[in-house]
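A closer look at the structure
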Amino acid sequence: MLISKKLKEKVIIIAENDQQLLAEIKRNLNKHGFLNIKTALDGKQIFEILRSYYDAAEQIGLLIVNEQLPQCDVLVMCKTLSSNDTSLIPFVILGADDKKNNIENSEFTSQALIHRMSLPINYPVLLDTIAFQLIMMQERYLRRKQEELLINELAERKIVDAKLKYLVMHDELTGLINRHNFESQLRIILARSRMRQQEGALILINLDRFSLVNELEGFDVGDRLLIEVVGIIRKLTLKDDLFARIGSDEFCLFLDNSTEKEIKQFAERVRKSVYEFIFSCGDVCYSTSLSIGIAPVNMVTANQHPNEAISRARQACRMAKEHGRNMLWSYNETDTKVQERNKDLYWVPLIKKALLDKKFFLVFQPVVCLNNGEISHYEVLIRMRGLQNEVISPGDFIPVSERMGLIHDIDQWVVENAIDFLAKLPESSKVSLAINLSSVAFQDDSLLPTLKEKLSLSWVDASRLTFEITETAAVANFEQTRKMIAEIRSLGCKFALDDFGAGFCSFNYLKTFPVDFVKIDGQFIRNLINDETDQVLVKSMAEIATNLGKKTIAEFVETPEIIVKLKELGIDMAQGYILGRPEQELLASNSIALDGIARESAKPKRFASWFSEKVSRVD
Ligand code: C2E
Ligand code: CA
Ligand code: CA
């Protein structure tokens, strides 16, 4: 029987106390190419040899042993070495007399790799037996390896599946249910309250100035603060109370079957407990407080959609913030209207004036290719100067502008100024820009003519512009959006799908919208290193986008470790504070030394640049 060279190199142990026979067997095996032979004269010596291969058991090929070997219970040895779960060593047992053999009948011989052979030895038969046993052993070994691999793979898949399922329903950080789960349960509870004519309340809790801790101390510390605050609130709730995390620093609680007075007393206890808690972080202590909004649920409001109840509680919470934070506020219809009108009334003239007085300006943040550190392009982000010359971030004025119909002017202003910026660069410059478009940009009929005119007047090549749209923008007015995208693309501009993964149907839109880049939402990137689920999700987003021929960009890249991980997961480009903050000037070089960043510590840089771009937020 022919066997491979590799199998012939396996160790064969011959255990025989008749030295003459031992030498004869060895000679015969050597003659047929089995050169790796160890010999033993008794059971003790067998175990010494085996012990020397303790860490390399797979190198042992076979054991030829005399049934009458001194200091050896052959049956027990076969049981341990040949048929147990960890060892697969085959045996050839040499016996003086076939009939007296006590091994033949034992129940395990059929599964174990054991062969009996009578004396005197018939060498051609022995050699065939050895070859057969070695091949069988190898097959069993391979099969066992495959089984193990399969089991591991299944276990891994089960963990990921379970994690994804859990993630769909829960907030991973705090273990509370998430917004989606909360809404579905709230729907049932509201219906029950209606039937039983019970009253209750939805309580929305927001951590005051949470973004400050996050930005000054980093997300890890922010996460710890959230966990501690949730722990405090949890102690005051009952086991069955519906308690959810519905936003980064926003929590919702539903109190069933309670009077208005009871609800207020409970909310006050929550406020007070968190206010008394001091959060320490190294040498620094932060005092914590909550703004709490209460939306009573009664016979009338129980008819509401859960979203409506949440929105009322949020409006009440906003009132608590406006009245100085660290307080409760109950929902009141007039409050909200007044509040929204006040907010809009406050912002609208400011925004209009800013447009007239040129109080807007653009900042640029690099998007870097992960394979070579080259800057692919810069994202253009808008800023506004307030009355005290402070810098106001778009989060504060873009939503109001969208509500109040001022956004088209802003979108046009950004497009025009971004093109002007490119036109002013030296002729040899290859810099390209990505411009954010609001969710209603495509409803503006004059955007396309403005773009065309600006491009033709400036001689800026259209391929140097990418437009970033979000899913919300894409969904609103689906057909019109597709048409506009097609027209703008025909000019030579590119498109990116922004905040990818943040919505529900992201993959669907990826198929439908002809975009060149997919920007994976920062929420999947921030905790990438510690969160295996995020890693699985980012990897599959990268695979799908790449298969569809799109380039992937990861946002919110804040540490060198994330850069390394992103490369591993197959992401093409990255954008984030570690690579470059949004600045009014472009970087001097058109590439970034990624290796250098990997060596540098991220922290000091983060502090330094945080203070260099002071953004005032109305929290
Ligand atoms: P976006 O398009 O998702 O922009 C990314 C935001 O993340 C920017 O905030 C950017 O400064 C910030 N960012 C970048 N890297 C990091 C990082 O490593 N960590 C963290 N924590 N944040 C990072 P910004 O400039 O405040 O913009 C917020 C949003 O406002 C933008 O989100 C975009 O939706 C909108 N926006 C900004 N500029 C414009 C504009 O010119 N026009 C329109 N219509 N919307 C704009
Ligand atoms: Ca963007
Ligand atoms: Ca984004």
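Here, every reference points to the structure presented above.
These figures come from a predicted structure and were not determined experimentally.

**Observations concerning the site of ligand 1**
The full set close to ligand 1 counts 22 residues, and Gln-365, Arg-383, Asp-498, Glu-558 and Tyr-577 are the nearest of them. Ile-382 has a polar backbone atom sitting 3.1 Å from a nitrogen atom of ligand 1. Asp-411 places a polar side-chain atom, nitrogen or oxygen, 3.2 Å from a nitrogen atom of ligand 1. For ligand 1, the accessible surface in isolation is 800 Å², of which the surrounding protein chains cover 84%. Contributions of two or more residues to the shell around ligand 1 are made by strand S15 (375–385), helix H12 (394–403), helix H13 (407–424) and strand S19 (494–500). Considering each element in turn, the shell around ligand 1 owes the most residues, 4 residues, to S15.

**Considerations on the sheet that holds strand S4 (residues 91–95)**
Taken in spatial order, the 5 strands of this open sheet run S2-S1-S3-S4-S5, and their pairing is parallel. Where the open sheet ends on each side, the last strands, each with one partner, are strand S2 (37–40) and strand S5 (114–118). Direction aside, neighbouring strands of the sheet carry axes that sit 20° apart on average. In the sheet, S4 pairs with S5 via 5 bridges, with the strands oriented parallel. By the bridge assignment, Leu-94 is partnered in S5 with Met-117.

**Side note on unusual backbone geometry**
Residue Pro-120 is bonded to the preceding Leu-119 through a cis peptide linkage, with omega at -5°. With respect to the helices, strands and loops of the structure, Pro-120 is situated in the loop between S5 and helix H5 (123–169). In this model, Lys-358 sits at a positive phi of 55°, which is unusual for a non-glycine residue. Checked against the element boundaries, Lys-358 lands in the loop between helix H11 (333–356) and strand S14 (360–369).

**Let's talk about the sheet that holds strand S12 (residues 290–297)**
Across the sheet, 6 strands lie side by side as S6-S8-S9-S7-S12-S13; this open sheet has mixed pairing. Where the open sheet ends on each side, the last strands, each with one partner, are strand S6 (177–178) and strand S13 (328–330). As judged from the 8 bridges shared by strand S7 (residues 200–207) and S12, these two strands associate in the antiparallel manner. The residue bridging Ala-201 from the neighbouring strand is Pro-296, located in S12. Sheet strands touched by helix H9 (residues 260–276): S7, strand S9 (250–255), S12 and S13. Its angle to S12, the strand with the most contacts, is close to 165°.

**Notes on the coordination of the calcium ion (ligand 2)**
The protein atoms donating to the calcium ion (ligand 2) are Glu-379 (OE), Asn-436 (OD1), Glu-468 (OE) and Asp-498 (OD), with metal-donor distances spanning 2.1 to 2.3 Å. Each donor residue of the calcium ion (ligand 2) lies on the same chain, and together they follow the pattern E-x56-N-x31-E-x29-D. Given a relative accessible area of 24%, Asn-436 falls into the partly exposed group.

**What to know about the pattern of salt bridges**
Scanning the model with the defined rule gives 16 salt bridges in all. Here Glu-276 makes a salt bridge to Lys-272, at a shortest N to O gap of 3.4 Å. Of the two residues, Glu-276 and Lys-272 are both situated in helix H9; the distance of 4 residues between them amounts to about one turn of the helix. With relative accessibility at 54%, the residue Glu-276 sits in the exposed group. Close ionic contact of Lys-353 with Asp-357 constitutes a salt bridge, the shortest N to O distance being 2.7 Å. Classification of Asp-357 as partly exposed rests on a relative accessible area of 36%. Via salt bridges that share partners, Glu-379, Glu-468 and Lys-519 belong to a single interconnected network.

**A look at the coordination of the calcium ion (ligand 3)**
Surrounding the calcium ion (ligand 3) are the protein donor atoms Asp-498 (OD), Asp-499 (OD), Glu-555 (OE) and Glu-555 (OE), at 2.0 to 2.8 Å. Considered as a linear motif, the donors of the calcium ion (ligand 3) on their single chain read D-D-x55-E. Judged by its relative accessible area of 29%, Asp-499 is partly exposed. For Glu-555, a relative accessible area of 10% translates into the label buried.

**What to know about the environment of Ile-392**
Residue position: Ile-392 is located in strand S16 (residues 391–392). Measuring from C-alpha to C-alpha, the distance between Ile-392 and Ile-382 comes to 9.3 Å, with 10 residues separating the pair along the chain.

**Description of the environment of Ile-205**
Within the secondary structure, Ile-205 sits in strand S7. We classify Ile-205 as buried; its relative accessible area is 0%. Placed 86 residues apart in sequence, Ile-205 and Ser-291 show a C-alpha to C-alpha distance of 6.0 Å.

Quick notes on the rules
Residue numbering note: each chain is counted from 1, following its sequence as written. Labels are handed out in written order, letters beginning with A for the chains and numbers beginning with 1 for the ligands. Residues qualify for local features only when their pLDDT is at least 70, as the model is predicted, and side-chain atom pairs are given and counted only at 80 or more; totals for whole chains, interfaces and linings, by contrast, use all residues. Side-chain metrics rest on all non-hydrogen atoms present in the structure, leaving aside hydrogens and water. Neighbouring residues are identified by heavy atoms, a residue being near a molecule or strand if any of them is within 4 Å of it. Here a polar contact is recorded for every N or O atom pair within 3.5 Å, except that within protein the pair must consist of a potential hydrogen donor and a potential acceptor, and residues adjacent in sequence are included only if both atoms are side-chain atoms. Note on areas: these come from Shrake-Rupley sampling with a 1.4 Å probe, and a residue is covered only by the protein chains present in the view. By definition, any uninterrupted DSSP run of H or I lasting at least four residues is a helix, any uninterrupted run of E lasting at least two residues is a strand, and each is numbered from the N terminus. Two strands make a pair as long as DSSP finds a minimum of two bridges between them. Only the contacting stretch of a helix is used when fitting its axis, a line to C-alpha atoms as for every element, and angles between N-to-C directions run 0 to 180 degrees. Between two residues, a contact is recorded if the distance between any of their heavy atoms is within 4.5 Å. Only N, O and S atoms count as donors, using a 2.8 Å cut-off from the metal and 3.2 Å for Na, K and Ca, and because water is excluded some sites may appear unfinished. Relative accessibility thresholds used throughout: buried, under 20% of the residue-type maximum; exposed, over 50%; partly exposed, between the two (1.4 Å probe, protein chains only). Between Lys or Arg on one side and Asp or Glu on the other, a salt bridge is scored when a side-chain nitrogen of the former is within 4 Å of a carboxyl oxygen of the latter.

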